[in-house]
Protein chains: 2
Amino acid sequence: MGDINGIGPEILVKALARPEAHALADLVVVGAKPVYEAVMPIAPGAPSPLLLSTLAEFPKTPGVIGICDFGHAAPAHRPGVLDPAAGASAIEWVKETVARCIDGTLDGIVTGPISKTAVYQAGYHYIGHTELVAELTHTAEFRMCLFAGGMRVVHITGHLSLRDALDAVTEDRIAASVRIANDALCRMGIARPRIAVMGLNPHAGEDGAFGTEDRDIIAPAVRRCVTEGYACDGPHPPDTLLGKMRDGLYDVVIAMYHDQGHIPMKLIAMDEGVNVTLGIPMVRTSVDHGTAFDIAGKGIAREDSLIAAITLAAQLARPAQTLSEGVSS
Amino acid sequence: MGDINGIGPEILVKALARPEAHALADLVVVGAKPVYEAVMPIAPGAPSPLLLSTLAEFPKTPGVIGICDFGHAAPAHRPGVLDPAAGASAIEWVKETVARCIDGTLDGIVTGPISKTAVYQAGYHYIGHTELVAELTHTAEFRMCLFAGGMRVVHITGHLSLRDALDAVTEDRIAASVRIANDALCRMGIARPRIAVMGLNPHAGEDGAFGTEDRDIIAPAVRRCVTEGYACDGPHPPDTLLGKMRDGLYDVVIAMYHDQGHIPMKLIAMDEGVNVTLGIPMVRTSVDHGTAFDIAGKGIAREDSLIAAITLAAQLARPAQTLSEGVSS
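An account of the accompanying structure is given in this report. This is a predicted model, so every value here is computed, not measured.

Our focus in this paragraph is the overall build of chain A. In terms of helices and strands, chain A carries 12 helices and 11 strands. Once the C-alpha set of chain A is aligned to its principal axes, its extents read approximately 60 × 40 × 35 Å. Counting all 329 residues of chain A, 56% fall into the buried class. Contacts in chain A between residues at least 24 apart in sequence constitute 72% of all its contacts with a sequence separation of at least 6. Taking the average place of the 26 positive charges on the side chains of chain A and the average place of its 38 negative ones, the gap between the two points comes to 2 Å.

Spelled out as structure tokens, the structure:
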């Protein structure tokens, strides 16, 4: 549900009212039943909530969906209001849900938007869901990714200063990103993902004319991945590569820093963008937008990103192919 | 005309066949008359070329356009073939044309695509037109810009490695970019341009949490520009700012490095993108695409970017407002 005072509850009931949300997965809501009920009127056809104290069973009654708060009650519902208590309950719900993903009760989590400010004011110090889930799963090598239709970008680093991100451009990190991307796309049913690696410098450095990383770090990493059997090439000039993916030449692009992928993907993703964390030992997707406090409670927020996030989570939760199956198919 | 073996000649005759190319400016072609005549059949309505030995007079006859090679004859026309001699004539045409812009014979230049490889093989060492024009005009503080409809980005640096670009993020360079952008947009008829400055780090650094440049360099530069009277704000999180410009909230964005603007703008510009050099003492625009040797000679290249480049050059060639007029209007 995310922050109860953002648009999370609204897009949740709107998404659950659409049949495609239920096509690939059995869903359960983690959040506040009173809030769900308060926003239900904006989404005709949304299933009625049935309070669950545990996730031992999902209700199978048509038109009914289970909802659970794991004992962490939300504060009063005040759409558009920044409330540290709402930030706290959102974080506690994620922690409980991640624990059920790790123990196998759930196959994955789709997170709604939270307010970083509310979370900070509640005394937590997470930059976002991504870092929270990585910490809960003790994962150092997680990857922030943005998917939108046939456009997919895996970033080799996340929330680092650009200077620190430059220092983190290593062969090992690039090669690990290629493997992680390949595994995820195989789970999504792409037999042999076509993977393009972005350069770091303008024009991928023009063979060392401006910057040597493309020639001396990225190119060797790509050669290593090709040797390992991946359908991988690069480094490509950063400012023309995404157009090639849009034209269907690639299934995924490996970006060398956060904004190299975030700036273009957020510009073109419109309503179908999904934020994905790969490299962690569970499935986690998210809407790619924020709490939008300014329109919370108005019933006008669009649920498309959440639908896309649910669909992608269900695809990623399929049994993983082994690496050798992935690269030889 | 650019490289005669690329798509330059084709988009030239196709653009000149359209009335809007002539709406704001008197045009003259700098290039090879035999090549122009060779591609004319693909563009019904294109004006007939009249060879000029100097630019002392432009022909005023309807359906006729002047063409001049300044004594630098092109080699044989071989569409799609990389020919150093074609690279050399393209460069010499630009040099002659820039000289006529500086001496006042011409009000500006619109450049067609050249092949950097052909230029290099001919013995020249320019990364592109931008650097060539900057050198010819003895300009150190030029700015590479991409304009596409209402989307406009001015980059504070050009072809530098990303590491060097980080070191070039200074208050003076940002403030100069704001002034240059403001002046250009005033010439285009925007009375008080709304200027947004991008941050450098992810999320503009989150107040120093990842990277201090946004807080310690960019924010003070913006404050200085506001004090000087510009309608300027920032630093903004880089991955949401361009969407705000697309929504009409800003007229131009100042980007902190080459790919921060080039990656998104080249992805969304489609056929209307224009490459602009600002900060030089003349008007220079260009198509934002390359020679496209793979489709040269087929008559299928689109002329829209060239039309947009001609229109923008004519707008920029209007008398400049003074700075005080620009910021007080």
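Text resumes after the structure shown.
Turning next to the nonpolar core. Judged by nonpolar contacts, the single largest core of 76 residues is most densely connected at Met256(A) and Met256(B). Sequence-distant contacts of Met256(A), defined by excluding residues within four places in its chain, comprise Ile156(A), Thr157(A), Val169(A), Ile174(A), Val197(A), Met198(A), Gly199(A), Leu200(A) and Ile218(A).

For the rest of this paragraph, the subject is the packing of helix α9 (residues 238-246) of chain A against helix α10 (residues 258-268) of chain B. Packing of α9(A) against α10(B) brings their axes to within 7 Å, and their N-to-C directions diverge by 25 degrees. Classed by the angle they form, the pair α9(A) and α10(B) counts as roughly parallel. The way α9(A) lies across α10(B) gives a crossing that is right-handed. Within the contact between the two elements, α9(A) uses Pro238(A), Asp239(A), Leu242(A), Gly243(A) and Arg246(A) and α10(B) uses His258(B), Asp259(B), His262(B), Ile263(B), Lys266(B) and Leu267(B). Of the residues that constitute the contact of α9(A) with α10(B), the class distribution is four nonpolar, three polar and four charged.

At an RMSD of 0.0 Å, chain A and chain B line up after a rotation of 180 degrees and a shift of 0.1 Å along the axis. Such values leave the two copies arranged in the relation of a two-fold axis. Identified as the residue of chain A closest to the rotation axis by C-alpha distance is Pro264(A), at 2.3 Å. An overlap of 97% is found between the interface residues of chain A and their copies at the interface of chain B, pointing to a shared contact surface.

A word on the interface of chain A and chain B. With 36 residues of chain A at the interface, the matching set in chain B holds 35 residues. Buried surface at the junction of chain A and chain B, both sides included, amounts to about 3,200 Å², of which 62% is carbon and sulfur. Run the count over chain A and chain B and you get eight salt bridges. With a closest N to O distance of 2.1 Å, Glu206(A) and Lys116(B) form a salt bridge. Across the chain A-chain B interface, the total number found is 12 residue pairs in polar contact (both at pLDDT 80 or more).

Turning to the side chain of Arg152(A), a few remarks are in order. Residues and elements named next belong to chain A. Structurally, Arg 152 can be placed in strand β6 (residues 151-155). Buried within the structure, Arg 152 lacks any salt-bridge partner; Asp 251 is the closest side chain of opposite charge, at an N-O distance of 4.4 Å. Within the local environment of Arg 152, its side chain forms a polar contact with the backbone oxygen of Asp 251, the two atoms lying 2.8 Å apart. Discounting residues that sit within four places of it in the chain, Arg 152 has contacts with Leu 146, Phe 147, Leu 185, Met 188, Ile 190, Met 245, Asp 251, Val 252, Val 253 and Met 265.

Let us now look at the pattern of salt bridges. Residue and element names in this part refer to chain B. Summed over the entire model, instances satisfying the criterion amount to 40 salt bridges over all chains. Lys 33 is the partner of Glu 37 in a salt bridge, and the nearest nitrogen-oxygen pair spans 3.0 Å. Here Glu 37 pairs with Lys 33, and both are found in helix α2 (residues 33-39), just four residues apart, close to one helical turn. You can call Glu 37 partly exposed: its relative accessible area is 37%.

Calculation criteria
Residues numbered from 1 in each chain as written. Chains lettered and ligands numbered in written order. Predicted model: local features only at pLDDT ≥ 70, side-chain atom pairs only at ≥ 80, totals over all residues. Heavy atoms only, no water. Helix = DSSP H or I, 4+ residues; strand = E, 2+ residues; numbered from the N terminus. Buried < 20%, exposed > 50% of the residue type's maximum accessible area, 1.4 Å probe, protein only. Contact = heavy atoms within 4.5 Å. Lys, Arg positive; Asp, Glu negative; His and termini not counted. Charge placed at Lys NZ, Arg CZ, Asp CG, Glu CD. Core = buried A, V, L, I, M, F, W, Y, C linked by side-chain atoms within 4.5 Å. Axes fitted to C-alpha atoms, helices over the stretch in contact; angles between N-to-C directions. Parallel < 35°, antiparallel > 145°, perpendicular 65-115°, else oblique. Left-handed = near helix turned anticlockwise from the far one by under 90°. Nonpolar A, V, L, I, M, F, W, Y, C, P; charged D, E, K, R; others polar. Least-squares fit on C-alpha atoms with pLDDT ≥ 70 in both. Buried area = accessible area lost by both parts, 1.4 Å probe. Salt bridge = Lys/Arg side-chain N within 4 Å of Asp/Glu carboxyl O. Polar contact = N/O pair within 3.5 Å; in protein donor to acceptor, adjacent residues only side chain to side chain.

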